[in-house]
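# Structural features, examined
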Amino acid sequence: MLKQLLSPLPFLLILLCHHPAALAQSPTQAPAAQPPVQPELSSPPQPLVAPGPTASGPPNITDILIKAHHFDTFVRLLMSTQMDSFIAKKLNDSSQSLTIFAPDDNAFANLKAGTLNSYNDQKKIQLIKFHMISSFLSVPSGFQTASNPMSTEAGSNVDYPLNVTTTGNIVNVTSGVVNTTIVATVYTENQLAVYKVDQVLLPLFFFQSHSPASAPSKPAGKKAPEAVAPSVSTASDDGDAGSSVQPSGANRMVHRSLTAASIAGYLIAGLCLCL
């Protein structure tokens, strides 16, 4: 029995001598350290309309908005006020540039019913110009360096203030009445940047009371002399005693001659009696 147990022992010793690494236990390897995960930075929004090949003229704002879709109301407003021609003329000058905030159709639909129709053409033009900045601003760096309040094409930043703030790549825009955010880049190239906003930027100026300019007072002029109708005395048909006719100069001369002749006659008669 003992021989049977010890018989495999020489073979095991020979095997262990030829493979000494089998006796050693391999230490447990620690997992390889993973590199720290870098936070992924959000990239600026991609344009809805990619810039096409360089054309002979300036960018066409209505074509850009039509290709981007969902800007039908803004396109009609630009065309009815001829502001599309104003933008084209401005961009035709290579030294000029524009940044335009374009409200989509939902933004106009969110306005109070009848708001847009209550504006006359001049007020509509001012509304569009309030969505335009006279410089090219990229997202977000251009807005990060902008000074508040920003000036728009509508007028001074006192009457039409527009303020922007940035958080990362997010750009917030406020008019003092409406707060909105740039939700997409519609177009950006060279002179023109167009950004989609989800609210119509109503200027504070539209909601302030403005006393109308008083009309200049007319200078006091000289009174026209009143026409005095000449009074004419006429004899009534029935010969009223109150009516009289002034004698003319010829009649007065005849009357005086007769009086003088009468006096002379009396003197002659008196001399004759004395003789």
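Worth saying up front: this structure is predicted, and the values here are computed from it rather than measured.

## Re the side chain of K124
If you trace the backbone, K124 turns up in helix α7 (residues 121–129). Here K124 occupies a buried position and makes no salt bridge, while the nearest side chain of opposite charge, D121, is found at 4.6 Å. Aside from chain neighbours lying at most four places away, what touches K124 is L77, T81, L116 and Y119.

## Some remarks on the pattern of salt bridges
Summed over all chains, the structure comprises two salt bridges. Put simply, E153 and K90 hold a salt bridge, and the shortest N to O gap is 3.3 Å. Residue E153 is found in the loop between α8 (141–144) and β3 (163–167), and its partner K90 is found in helix α5 (residues 83–91); the two are separated by 63 residues along the sequence. The class for K90 is buried, based on a relative accessible area of 17%.

## Remarks on the environment of L91
In this fold, L91 is placed in helix α5. For L91, a relative accessible area of 2% gives the class buried. Distance in space between the C-alpha atoms of L91 and L192 is 7.9 Å, their sequence separation being 101 residues. Apart from residues no more than four positions distant in its own chain, L91 is found in contact with P58, P59, Q96, S97, L98, Q191 and L192.

## Structural notes on the packing of aromatic side chains
Per the counting criterion, the structure on display carries six aromatic pairs. Where F101 meets F143, the ring centres are 6.2 Å apart and the plane angle is 40°; that geometry is what we call tilted. You can see F101 sitting in strand β1 (residues 98–103) and its partner F143 sitting in helix α8, a full 42 residues away along the chain. Exposure class is identical for F101 and F143. Each is buried. With a centroid separation of 6.0 Å and 50° between ring planes, the pair formed by F130 and Y160 is classed as tilted. Of this pair, F130 sits in the loop between α7 and β2 (132–133) while Y160 is found in the loop between α8 and β3, placing the two residues 30 residues apart along the sequence. For the pair shown, F130 and Y160 are each scored as buried. Members of the aromatic cluster, connected to one another through ring pairs, are F101, F143 and Y195.

## Regarding the nonpolar core
Core analysis: the biggest nonpolar cluster contains 50 residues, and L65, I100, F101, F143 and V194 have the highest contact counts within it. Counting residues per element, this core draws most heavily on strand β6 (residues 192–197), which supplies five residues. Filtering out sequence-adjacent residues up to four positions away, F101 remains in contact with F74, H131, I133, F143, L162, V173, I182, Y195, V197 and L201.

## Observations concerning the packing of helix α3 (residues 61–68) against helix α4 (residues 72–80)
One way to put it is that α3 packs onto α4 with a least axis distance of 9 Å and a crossing angle of 165°. Taken together, the axes of α3 and α4 are roughly antiparallel relative to one another. Crossing handedness for the pair α3 and α4: left-handed. Along its contact with α3, which presents I61, T62, L65 and I66, the element α4 presents F74, V75, L78 and M79. Class assignment of the residues belonging to the contact of α3 with α4 gives a composition of seven nonpolar, one polar and no charged.

## Side note on α3
All of the buried residues along α3 are I61, T62, I64, L65 and A68. Burial along α3 is one-sided: seen end-on, the buried residues are contained in an arc of 160°. Each element contacted by the buried residues of α3 is listed here: α4, α5, β1, β5 (179–189) and β6. Directly beyond the C-terminal end of α3, a positive phi value near 70° is found at H69.

## What to know about the sheet that holds β6
Read across the sheet, six strands follow the order β2-β1-β6-β5-β4-β3 without closing on themselves; strand pairing throughout is mixed. Two strands in the sheet have a free side with no partner beyond their single neighbour: β2 and β3. Where β1 meets β6, six bridges bridge the pair, whose relative direction is parallel. For L98, the partnering residue across the bridge sits in β6 and is L192. Running at roughly 110° to β5, α3 makes contact with β1, β5 and β6 of the sheet.

Calculation rules
- In every chain, residue numbers begin from 1 and rise along the written sequence.
- Given that this is a predicted model, residues contribute local features only at a pLDDT of at least 70 and side-chain atom pairs are listed and counted only at 80 or more, while totals for whole chains, interfaces and linings are drawn from all residues.
- As a rule here, side-chain values come from all non-hydrogen atoms in the structure, and water together with hydrogens is ignored.
- For the purposes of this entry, the term helix denotes a DSSP run of H or I that reaches at least four residues, the term strand denotes a run of E that reaches at least two, and both are numbered from the N terminus.
- Under the scheme applied here, a residue whose accessible area is under 20% of the maximum for its type counts as buried, over 50% as exposed, and between as partly exposed, the area being computed with a 1.4 Å probe on protein chains only.
- The charge count treats Lys and Arg as positive and Asp and Glu as negative. His and the chain ends do not count.
- Take a side-chain nitrogen of Lys or Arg and a carboxyl oxygen of Asp or Glu: if they are within 4 Å of each other, that pair is a salt bridge.
- Any two residues whose heavy atoms approach within 4.5 Å are treated as being in contact.
- Two aromatic rings, drawn from Phe, Tyr or Trp (for Trp, its six-membered ring), form a pair once their centres lie within 6.5 Å of each other, and the interplanar angle then sorts them: stacked below 30 degrees, edge-to-face above 60, tilted otherwise.
- Only buried residues count toward a nonpolar core. Its members are Ala, Val, Leu, Ile, Met, Phe, Trp, Tyr and Cys residues joined through side-chain atoms within 4.5 Å.
- Helix axes use the C-alpha atoms of the stretch in contact, all axes being lines fitted to C-alpha atoms, and the angles between their N-to-C directions lie in the range 0 to 180 degrees.
- Throughout this description, any angle smaller than 35 degrees is read as roughly parallel, any larger than 145 degrees as roughly antiparallel, any in the 65 to 115 degree range as roughly perpendicular, and the remainder as oblique.
- For any pair of crossing helices, the crossing counts as left-handed if the nearer helix is rotated counterclockwise from the farther one by less than a right angle, and right-handed if it is rotated clockwise.
- Under the convention adopted here, Pro, Cys and the residues Ala, Val, Leu, Ile, Met, Phe, Trp and Tyr are nonpolar, Asp, Glu, Lys and Arg are charged, and Gly plus all remaining residues are polar.
- The directions considered for the arc run from the helix axis to the C-beta atoms.
- Between any two strands, at least two bridges found by DSSP are needed for them to pair.

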